[in-house]
Structure formats: structure tokens, C-alpha cells
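# Coordinate analysis (summary)
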Amino acid sequence: MDTKGNAFSLDENRKKKIIVLSPDEAGYSDIFSVKGLIMAASILRDKKLEQETKVYYETVLNCIRNNRFRTDQENLNPKNNEVFVEGKSSHAPKMIAIGMCTLFYELYHNTQYINDGFDLINDIFSEYVNYDNKFQSYQKYDMPEFINSESAPYTDEGHVISIPGHIMELVGFVGKFFHAIEKDPKLSEKQKADINKINSMLTSFFIHNFRLGFKMGYGMYNSVSLDTRKPINSDMPWWSLPETIRAAAYTYRIASEDQKKDIMSILADTSNVFLKRYINDKVYCMAYQTLDEFGSPIHMVPATPDADPGYHTGLSIIDFMNIWSNLLE
């Protein structure tokens, strides 16, 4: 934003181009803004801000529900295509919004936020996750990043793209939501059944997609083709690793004994790679943002203009420690 509060981008001549925001559209920054504002309202006990933010929450959810969500993420990696395309729908807005619903429930314990969270989770699993062979050309538990207007996997340059890191993030969000609400006495019988249904596949879904995207000893590929089962973008950003660590904790608590062995192996492989290859003790143990497929740091910003220690890394590790400490008691 400029000093007058106007959102802008740079045109082909690197001149400022003001972005005119539509009041009936929302982007990723809106979801994170809602979360930040509601925490501020809670800490400051600001009732006016609380009510304004609850309206903002509804506005953002309605944009997601009514297909009025538009990515506002700056495309910092030329290998990624982050622009909005009509008829190309990502699960990511709904996935990120699960975290918004969880936070509102943790603050207010209102069934509205339980219902909203279930709507998002059920939509994602029914539309994107291949657990019932609806995408017959692909493997069970495959998950395309995008679907088209006919609810089929979106093909881009001959490939259906999957982003394993996003799937790790999704598993963590779903696990955290269920952990927050599962003991609420106001849960309906359908909601209890939905928890059992999703949990019955969540661990296998997690393990399957980890194995699809993880290169042993190096990290997780940015994107993979569900057609060739090989990387499309072989860059390995840091953020998918702490997201995997969090997802491992939430799936471990619901896994079978055999699955627990797999999860412990995943947890060891992921944390060892993160500590060995990504953590840079020369800059206060911040992580290298991106490695190439051979494990060397490269000058590529994966998602944010900074190292983002507070979101993917910080929140994921804090959640892991909270869950893991309870599992060890």
C-alpha cells in the first residue's frame, strides 16, 4: 500500500498502478486480517471492533461461498501461476478459512463457527479429494490443487497440479478444528458422523500425499503432476516442512498402531531435514526460504517477501508442541 492507504502493484514499466478493490470480493489478506482483528478485539476487549470484525468474517465467508474470492497474493515465484482464471477454482481459500472458523470458535464457542467449519471441510473433501474414485484416472487420496467449472481436475499445460505442502497445511487445519470442537456438547449427530468420516481417511490421506511430494533427505517439492507422479516445480520451500510436522501431530492422535509407525517415520524424516538443511544458524536460526532439488539454497521467494517465522513456522511448531505434550502425558 502507498502512504495514502491505496493498494497498488507495478506495471510492466515498474510504475505504480492503483488497484481498485471491489467491495463484493475478498482475498487471502482479508482472511488473515479477520483473524488479526478478532484477536486484537479480544485482547483489548474492544466490543465495537469485535462486532465490526464479526461482520467482516461473514463478508469474507460469503465471498468464498459465492465464488467471489480473488487471489491477492503477489506472484513472487515466476514458476508459480497465482493469477485468477475464470473457471479455475482452488481449495486454498476454503482451507485457509478453516483456521478462521477455528479461531472464532476458540474465542466464542458459538455453534455458528462449528457449522461454518464443517461446511468448508465437507466442501473440500467432496470436491477435491479423490477418496471415492470420482476422479477415475487418478489414485485414491490424490488431490488436485484446482478443479474446473465442471468439478473435474483442472488441466494446465497437460498436467493436473497437486501441491503437497497445501495438503499438509489442510490436514493440520482440519485436525486442529476437530481437536477444538470434538468435545462440544452441542455437536449434532451428523457432525459427529462427519468427524468420524473425515478422521477415518485423514491419516491415510496425509501419508499418501506426503509420500507423493517428499524427496527423502531434501524436502518437499513445490508442486507435483498427478499424471506423471513427478515434480512440476522442483523448488522445495521451507514452509511445507513445519506444516507437515503439525499435521503429523494431529493425525497421530487418531491413527491406528500401524499408521502411528508411519507417522513417527514421517515426523523424524521431516524434522531432521528441516533442522539439517533449512535452519541457518548464521541468521539466528531462521530458515532458508527455498532449496533446489539438490538441497542448495536458491534466490527464490516462495510465498512471502520475508521469512514468515510467525505463520507457517511459528504457528505450526507451537501447535505441534501443544498436541505432542498432551500425547506424551
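Here, the structure is the one placed above.
Since the model is a prediction, treat every value here as computed from it, not as a measurement.

Turning our eyes to something else, we now look at a nonpolar patch on the surface. There is a patch of nonpolar side chains on the surface, built from M39, I43 and L44 and spanning about 310 Å² of accessible area. For I43, the location among the structural elements is in helix α1 (residues 28–44). Overall, I43 belongs to the exposed group, its relative accessible area being 63%.

Attention now goes to the layout of surface pockets. The calculated volume of the second largest pocket comes to roughly 190 Å³. As for the second largest pocket, its lining consists of K35, G99, T102, L103, E106, F173, K176, R246, Y311, L315 and D319. For the lining of the second largest pocket, the secondary-structure elements that each account for two or more residues are α3 (92–108), α5 (164–181) and α9 (309–328). The element best represented in the lining of the second largest pocket is α3, accounting for 4 residues. For the lining of the second largest pocket, the class distribution of residues is 4 nonpolar, 2 polar and 5 charged.

Moving on to the sheet that holds strand β6 (residues 159–162). In space, the 4 strands of this open sheet follow the order β5-β6-β9-β10, with antiparallel pairing throughout. With partners counted over all chains shown, the strands left at the sheet margins are β5 (155–156) and β10 (231–233), one partner each. In this sheet, strand β9 (residues 223–225) lies alongside β6 in antiparallel orientation, the contact comprising 2 bridges. Within β9, the position partnered with S162 by the bridge is V224.

Where α1 contacts α3, the axes come no closer than 9 Å and their chain directions differ by 10°. Classified by the angle their axes make, α1 and α3 are roughly parallel. On α3, the residues that touch Y28, I31, F32, V34, K35, I38, M39 and S42 of α1 are A92, P93, I96, A97, G99, M100, L103, F104, L107 and Y108. Looking at the contact of α1 with α3 residue by residue, the classes come out as 15 nonpolar, 2 polar and 1 charged.

Bringing the environment of V34 into the picture now. Mapped onto the secondary structure, V34 falls in helix α1. Relative accessible area serves as the criterion here: at 0%, V34 is assigned to the buried category. Separated by 55 residues in the primary sequence, V34 and S89 place their C-alpha atoms 22 Å from one another.

Rules behind the numbers
- Residues numbered from 1 in each chain as written.
- Predicted model: local features only at pLDDT ≥ 70, side-chain atom pairs only at ≥ 80, totals over all residues.
- Heavy atoms only, no water.
- Patch = residues over 30% accessible without salt bridge, like charges linked within 9 Å, V, L, I, M, F, W, Y side chains within 5 Å.
- Areas by Shrake-Rupley, 256 points an atom, 1.4 Å probe, with all protein chains shown as cover.
- Salt bridge = Lys/Arg side-chain N within 4 Å of Asp/Glu carboxyl O.
- Helix = DSSP H or I, 4+ residues; strand = E, 2+ residues; numbered from the N terminus.
- Buried < 20%, exposed > 50% of the residue type's maximum accessible area, 1.4 Å probe, protein only.
- 1 Å grid on protein atoms, 1.4 Å probe; cavity = no way out; pocket = protein on both sides within 12 Å on 5 of 7 lines; lining within 4 Å.
- Points joined across faces, edges and corners; volume = space filled by probe spheres on them.
- Nonpolar A, V, L, I, M, F, W, Y, C, P; charged D, E, K, R; others polar.
- Pairing = 2+ DSSP bridges.
- Axes fitted to C-alpha atoms, helices over the stretch in contact; angles between N-to-C directions.
- Parallel < 35°, antiparallel > 145°, perpendicular 65-115°, else oblique.
- Contact = heavy atoms within 4.5 Å.

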